[in-house]
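# Chain and residue survey
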Amino acid sequence: MATAHAIPETASFFSYQKWERQLPDLSRRYRENKPCPHILLRDFLNPETALVMAQQFPQPNSDAWTQYKHANENKLGMPKRELFPTTIGAVVDELNSPEFVAWISKLTGIPNLMADPMLEGGGLHQSGPGGYLNVHTDFSMHHFHTHWHRRVNLILYLNPGWKEEWGGSLELWEAKMARCGAKYPPVLNHTLIFTTDERSLHGFPDPLTCPAGESRKSLALYYYTVEPGKKVTVHSTDYFTRPQDSWAKSAMIWLDKKAVDLYSRAKARFGFSDELASKILGFLSGKKG
């Protein structure tokens, strides 16, 4: 693999001039794409920046990772900005900047979007061999800000040399889980942006078959609107079964999502982080191994 040079923290990573020229067409395609409003942007950042981010990506054996290992997902997460390597942190800061968030608002047609500096549920994600994420819709409201309505997801993939046969493509499913309507492999410097609502059924439900030492790496950022006077249906992450899933797997998905819902409600009410749950899940995962 080629080695990229260090990127100064003050560098500009997103070419507003390049993407602004394409914005009318991109916005139209975003609205028209099925099964939910979305768009894939190739060569999202300059190539050198994306390569540096991939090379800086923390190893899975770091204690900084949060364990998300239960029936509906098997992955690692790192939402704390202060733990990010230099270039990754600088890119996150730019993608959460007022200028970029205004660009996302124009792309999606959703006014007054705002970034989440806490990176709740987002940040760095990583899944090794056997990792998966069942098809789901996302939680609708921020766990720690009562009136923050989650509206848009941005997922930047950081996987040089990823082979499609390893799996890991993000699947977007049609309503009522009729069929997979779109599928995007996690290729380096490809970014998927999509509206987050009851239509945005997404996941990579088949376990990864990448070899040991490889992992599916991504950066996820979520954007919100503040809606103190509007009634928004509050729901936790909601997992769904596919037509090909067995009755046993379907039962496990249903039971686990009920447990996730109880956990999410307790988290919002009492304000605790995912770290304790991570330690418990990590311990249980180790015991099973």
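Up top is the structure.
As a starting point, this report considers the structure included with it. (Residues numbered from 1 in each chain as written. Predicted model: local features only at pLDDT ≥ 70, side-chain atom pairs only at ≥ 80, totals over all residues. Heavy atoms only, no water.)

## Overview of empty space enclosed by the protein
Rule in force here: Whether a set of points on the 1 Å grid over the protein atoms alone is a cavity depends on a 1.4 Å probe fitting there but being unable to get out, while an open set qualifies as a pocket with protein on both sides within 12 Å along at least five of seven lines; lining residues are those with an atom within 4 Å of a point. Grid points are joined across faces, edges and corners, and a volume is the space filled by probe spheres set on the points. Put simply, DSSP marks the helices as runs of H or I at least four residues long and the strands as runs of E at least two long, and each gets a number from the N terminus on.
The full count for this structure, using the stated rule, is 1 cavity of 30 Å³ or more. Empty space within the largest cavity amounts to approximately 40 Å³. Taken together, Asn96, Asp116, Leu119, Gly122, Gly123, Ala220, Leu221 and Tyr222 make up the full set of residues lining the largest cavity. Among the elements that take part in the lining of the largest cavity, strand β12 (residues 216–226) stands out by supplying 3 residues, more than any other.

## Focus: the packing of helix α2 (residues 47–56) against helix α3 (residues 86–95)
To be explicit about the condition: Angles run from 0 to 180 degrees between N-to-C directions of axes, and those axes are lines fitted to C-alpha atoms, restricted for helices to the stretch in contact. Our angle categories are set so that under 35 degrees counts as roughly parallel, over 145 as roughly antiparallel, 65 to 115 as roughly perpendicular, and the remainder as oblique. Helix crossings get a hand from a simple test, with the near helix turned counterclockwise from the far one by less than a right angle marking a left-handed crossing and a clockwise turn marking a right-handed one. In this analysis, two residues are considered to be in contact whenever any of their non-hydrogen atoms come within 4.5 Å of each other. Note that Gly is not counted as nonpolar here; it falls among the polar residues with everything else outside the nonpolar set of Ala, Val, Leu, Ile, Met, Phe, Trp, Tyr, Cys and Pro and the charged set of Asp, Glu, Lys and Arg.
Relative to each other, α2 and α3 sit at 125°, their axes nearing to 8 Å. Classified by the angle between their axes, α2 and α3 sit oblique to one another. Regarding α2 and α3, the two cross each other, and that crossing is left-handed. For the pair formed by α2 and α3, the contact residues are Thr49, Val52, Met53 and Gln56 on the first element and Thr86, Thr87, Ile88 and Val91 on the second. Across the contact of α2 with α3, the residue classes tally to 4 nonpolar, 4 polar and no charged.

## Quick notes on the pairing of strand β5 (residues 123–127)
Here is the rule: Remark: exposure states derive from per-residue accessible area (1.4 Å probe, protein chains only) relative to the maximum for the residue type, with buried under 20%, exposed over 50%, and partly exposed in between. Paired strands, in this sense, are two strands between which DSSP finds at least two bridges.
Counting buried residues in β5 gives 5 out of 5 residues, a clear majority hidden from the surface. Bridge count between strand β3 (residues 73–78) and β5: 3 bridges; the pairing is antiparallel. Directly across from Met78, in β5, lies its bridge partner Leu124.

## Brief notes about unusual backbone geometry
Negative phi is the rule for most residues except glycine; trans is the rule for most peptide bonds. Here the residue pair Lys34 and Pro35 is connected by a cis peptide bond, since its omega of 10° sits within 30 degrees of zero. For Lys176, which is not a glycine, the phi torsion comes out positive at approximately 60°. Locating Lys176 in the fold gives a position in the loop between β8 (170–173) and β9 (180–184). For Asn189, which is not glycine, the phi dihedral falls at a positive 70°. When you line up the elements, Asn189 lands in the loop between β9 and β10 (191–195). A residue is classified by how much of its surface remains accessible, and Asn189, at 4% relative accessible area, is buried.

## Some thoughts on the packing of aromatic side chains
Inclusion rule: Working definition: rings of Phe, Tyr and Trp (its six-membered ring) pair if their centres are within 6.5 Å, and the pair is stacked with planes under 30 degrees apart, edge-to-face with planes over 60 apart, and tilted otherwise.
Per the stated rule, a full pass over the model turns up 12 aromatic pairs. Residues Trp19 and Phe44 carry aromatic rings whose centres are separated by 6.5 Å and whose planes lie at 40° to one another, so their mutual orientation is tilted. Of this pair, Trp19 sits in helix α1 (residues 16–32) while Phe44 sits in the loop between β1 (38–41) and α2, and the two are 25 residues apart along the sequence. Residue Trp19 is classed as buried on the basis of its relative accessible area, which comes to 3%. By relative accessible area, Phe44 is classed as buried at 1%. Ring centres 5.7 Å apart and planes at 50° place the aromatic pair Trp148 and Tyr224 in the tilted group.

## Considering the nonpolar core
Put simply, the rule reads: Nine residue types can take part in a nonpolar core, namely buried Ala, Val, Leu, Ile, Met, Phe, Trp, Tyr and Cys, and a core is a set of them joined through side-chain atoms within 4.5 Å.
If you look at the biggest cluster of nonpolar residues, it comprises 41 residues, and the most contacted ones within it are Phe100, Trp103, Ile104 and Tyr223. Residue contacts for Ile104: discarding those within four places in its chain leaves Leu113, Val152, Leu154, Ile193 and Tyr223. By size, the runner-up hydrophobic cluster in this structure holds 10 residues, among which are Leu40, Ile155, Tyr157 and Leu192.

## Comments concerning a nonpolar patch on the surface
Here is the rule we go by: Exposure above 30% relative accessible area and no salt bridge define the residues that can form patches, which grow by joining like charges within 9 Å and nonpolar side chains of Val, Leu, Ile, Met, Phe, Trp and Tyr within 5 Å. Residue burial considers only the protein chains on display, and all accessible areas are found by Shrake-Rupley using a 1.4 Å probe. In what follows, salt bridge is the name for a side-chain nitrogen of Lys or Arg lying within 4 Å of a carboxyl oxygen of Asp or Glu.
A cluster of nonpolar residues, Met252, Trp254 and Leu255, forms a patch on the protein surface that exposes about 340 Å² of accessible area. Summarising the element assignment, Leu255 is placed in helix α5 (residues 247–270).

## Here's the deal with α3
Along an α-helix, residues three or four apart share an orientation, since each turn contains 3.6 residues. Within α3, 8 of the 10 residues are buried, which leaves it mostly tucked inside the rest of the structure. Every buried residue of α3 is listed here: Thr87, Ile88, Gly89, Ala90, Val91, Val92, Glu94 and Leu95. On its buried face, α3 sits against α1, α2, α4 (98–108), β5, β7 (148–157) and β12.

## So, α1
Condition: A helix's residues, less one, multiplied by 1.5 Å, set its expected span. The bend at a residue is defined as the angle formed between two axes, one fitted to the seven residues ending at that residue and one fitted to the seven starting there.
Compared with the 24 Å implied by 1.5 Å per residue over 17 residues, the 23 Å span of α1 between its first and last C-alpha is a close match. At Leu23, α1 shows its strongest bend, of approximately 60°, with the proline Pro24 following within four residues. Among the residues of α1, Tyr16, Trp19, Leu23, Leu26, Ser27 and Tyr30 are the ones counted as buried. Its buried side turned inward, α1 meets β1, α3, α4 and β10.

## Notes on the environment of Pro111
Position of Pro111 relative to the elements: it lies in the loop between α4 and β4 (114–115). In the structure, Pro111 is positioned 114 residues away from Thr225 in sequence and 8.1 Å away in space, judged by C-alpha atoms. Dropping the residues within four chain positions of it, Pro111 is found in contact with Ser105 and Thr225.

## What about the pairing of β1?
Judged by which residues are buried, β1 turns out to be covered on both faces: His38 and Leu40 on one side and Ile39 and Leu41 on the other are all buried. Pairing of β1 with β10, which is carried by 4 bridges, proceeds in the antiparallel orientation. Across the sheet, the residue bridging to Ile39 is Ile193, located in β10.

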